[in-house]
Amino acid sequence: AQSVTQLGSHVSVSEGALVLLRCNYSSSVPPYLFWYVQYPNQGLQLLLKYTTGATLVKGINGFEAEFKKSETSFHLTKPSAHMSDAAEYFCALEETSGSRLTFGEGTQLTVNP
Amino acid sequence: KAGVTQTPRYLIKTRGQQVTLSCSPISGHRSVSWYQQTPGQGLQFLFEYFSETQRNKGNFPGRFSGRQFSNSRSEMNVSTLELGDSALYLCASSPEAAPIGQYFGPGTRLTVL
């Protein structure tokens, strides 16, 4: 069965610092991978996705992620954190069998002034 | 294009009652999925409908059911509510079966007393 593990339930960075949120996955078939962000009392917003092709994918709000098959990882980065990036981030996996997302536990990002 | 809408946004019920939640997908999207989000269990997949047929089902008891109408709008029903059913219920839509990412609504916050 597929699974997603996010290392670190809480990450704290200073404004302007690098953001790195870690995600590792397990899947029996080549997966499709996603990062979502959730602000308080809201639904999930799609940040970026990896389906096929280029392993470095760029998303909204300056975020990007790199798919590394050898490391079964899909870490999310942003060069310079902004206060508005404070939210919960979820890594998710979808196998080719259909539209069923498996989510990681989530990482709460705090940005300090 | 309007996003995914869910009604109602907040709901309070008592144990033993039943509840129906509604979801209107993005125009043109034919796949609708439902997820339950709780602090303890995180985001868990309930079921997915495509062209009025349930195509995938998560590991939830039969008290949880859903349906999809010809206009792709979907409803989920929970019968005989339990305290543990208190959660944020999220609906997501995508254009078709391909895993190109799902687009989430704001959710319905269900509280069971």
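Colleague: Would you mind showing me how to read the packing of aromatic side chains here?
Modeller: Geometry of an aromatic ring pair is reported as the spacing of the ring centres plus the angle between the planes. Going through the model one piece at a time under the given rule, you end up with 13 aromatic pairs over all chains. Each ring, one from A:Tyr25 and one from A:Phe67, has its centre 6.0 Å from the other, and the planes form 25 degrees; the classification is stacked. Within this pair, whereas A:Tyr25 is found in strand S3 (residues 19–26), its partner A:Phe67 is found in strand S7 (residues 64–68), the two being separated by 42 residues in sequence. For A:Tyr25, a relative accessible area of 8% gives the class buried. Judged by relative accessible area, A:Phe67 falls into the buried class, the value being 10%. Lying across the ring of B:Phe50, B:Arg55 places its NZ or CZ 4.4 Å from the centre.

Colleague: Help me understand the pairing of strand S6 (residues 53–57) of chain B in this model?
Modeller: For a regular strand, side chains alternate in direction, first toward one face of the sheet and then toward the other. All names here are of chain B. Sheet topology places strand S5 (residues 42–50) next to S6; four bridges connect them, and they run antiparallel. What sits directly across from Phe47, in S6, is Lys57. A loop of two residues connects S5 with S6, the two strands running antiparallel in sequence, and Ser51 in this loop sits at a positive phi of about 50 degrees.

Colleague: Hey, could you run me through the pattern of salt bridges in this one?
Modeller: A side chain of one charge can pair with a side chain of the opposite charge if their charged atoms are brought near each other. On inspection of all chains with the given rule, the structure shows seven salt bridges over all chains. Across the pair A:Asp85 and A:Lys78 runs a salt bridge, and its minimum N-O distance is 2.8 Å. A:Asp85 gets classed as buried once you look at its relative accessible area, which sits at 2%. B:Glu82 is the partner of B:Arg63 in a salt bridge, and the nearest nitrogen-oxygen pair spans 3.6 Å. Placement of B:Arg63 in the loop between S6 and strand S7 (64–68) and of B:Glu82 in the loop between strand S8 (74–78) and strand S9 (87–94) is noted, with a sequence separation of 19 residues between them. The class of B:Arg63 is buried, set by a relative accessible area of 16%. Accessibility expressed as a relative area gives 42% for B:Glu82, which makes it partly exposed. Sharing partners across several salt bridges, the network here consists of B:Arg63, B:Glu82 and B:Asp85.

Colleague: Before we go on, may I ask you to explain the nonpolar core in this structure?
Modeller: As a rule of thumb, nonpolar side chains are buried together in soluble globular proteins. Grouped together as the largest cluster of nonpolar side chains are 26 residues, with contacts concentrated most on A:Trp35, A:Leu48, A:Phe74, A:Leu76 and A:Tyr89. Of all the secondary-structure elements, those providing two or more residues to this core are strand S2 (10–14), S3, strand S4 (32–38), strand S5 (44–50), S7, strand S8 (73–78), strand S9 (87–94) and strand S11 (107–112) of chain A. Not counting residues up to four positions away in its chain, the partners in contact with A:Tyr89 are A:Gln6, A:Leu21, A:Trp35, A:Tyr36, A:Val37, A:Leu47, A:Phe63, A:Leu76, A:Gly106, A:Thr107 and A:Leu109. Among the nonpolar cores identified, the runner-up in size contains 21 residues, and B:Leu11, B:Leu21, B:Ile26 and B:Val32 belong to it.

What counts, and where the lines are drawn
Residues numbered from 1 in each chain as written. Chains lettered and ligands numbered in written order. Predicted model: local features only at pLDDT ≥ 70, side-chain atom pairs only at ≥ 80, totals over all residues. Heavy atoms only, no water. Phe/Tyr/Trp six-rings, centres within 6.5 Å; stacked < 30°, edge-to-face > 60°. Helix = DSSP H or I, 4+ residues; strand = E, 2+ residues; numbered from the N terminus. Buried < 20%, exposed > 50% of the residue type's maximum accessible area, 1.4 Å probe, protein only. Lys NZ or Arg CZ within 6 Å of the ring centre and 35° of its normal. Pairing = 2+ DSSP bridges. Salt bridge = Lys/Arg side-chain N within 4 Å of Asp/Glu carboxyl O. Core = buried A, V, L, I, M, F, W, Y, C linked by side-chain atoms within 4.5 Å. Contact = heavy atoms within 4.5 Å.

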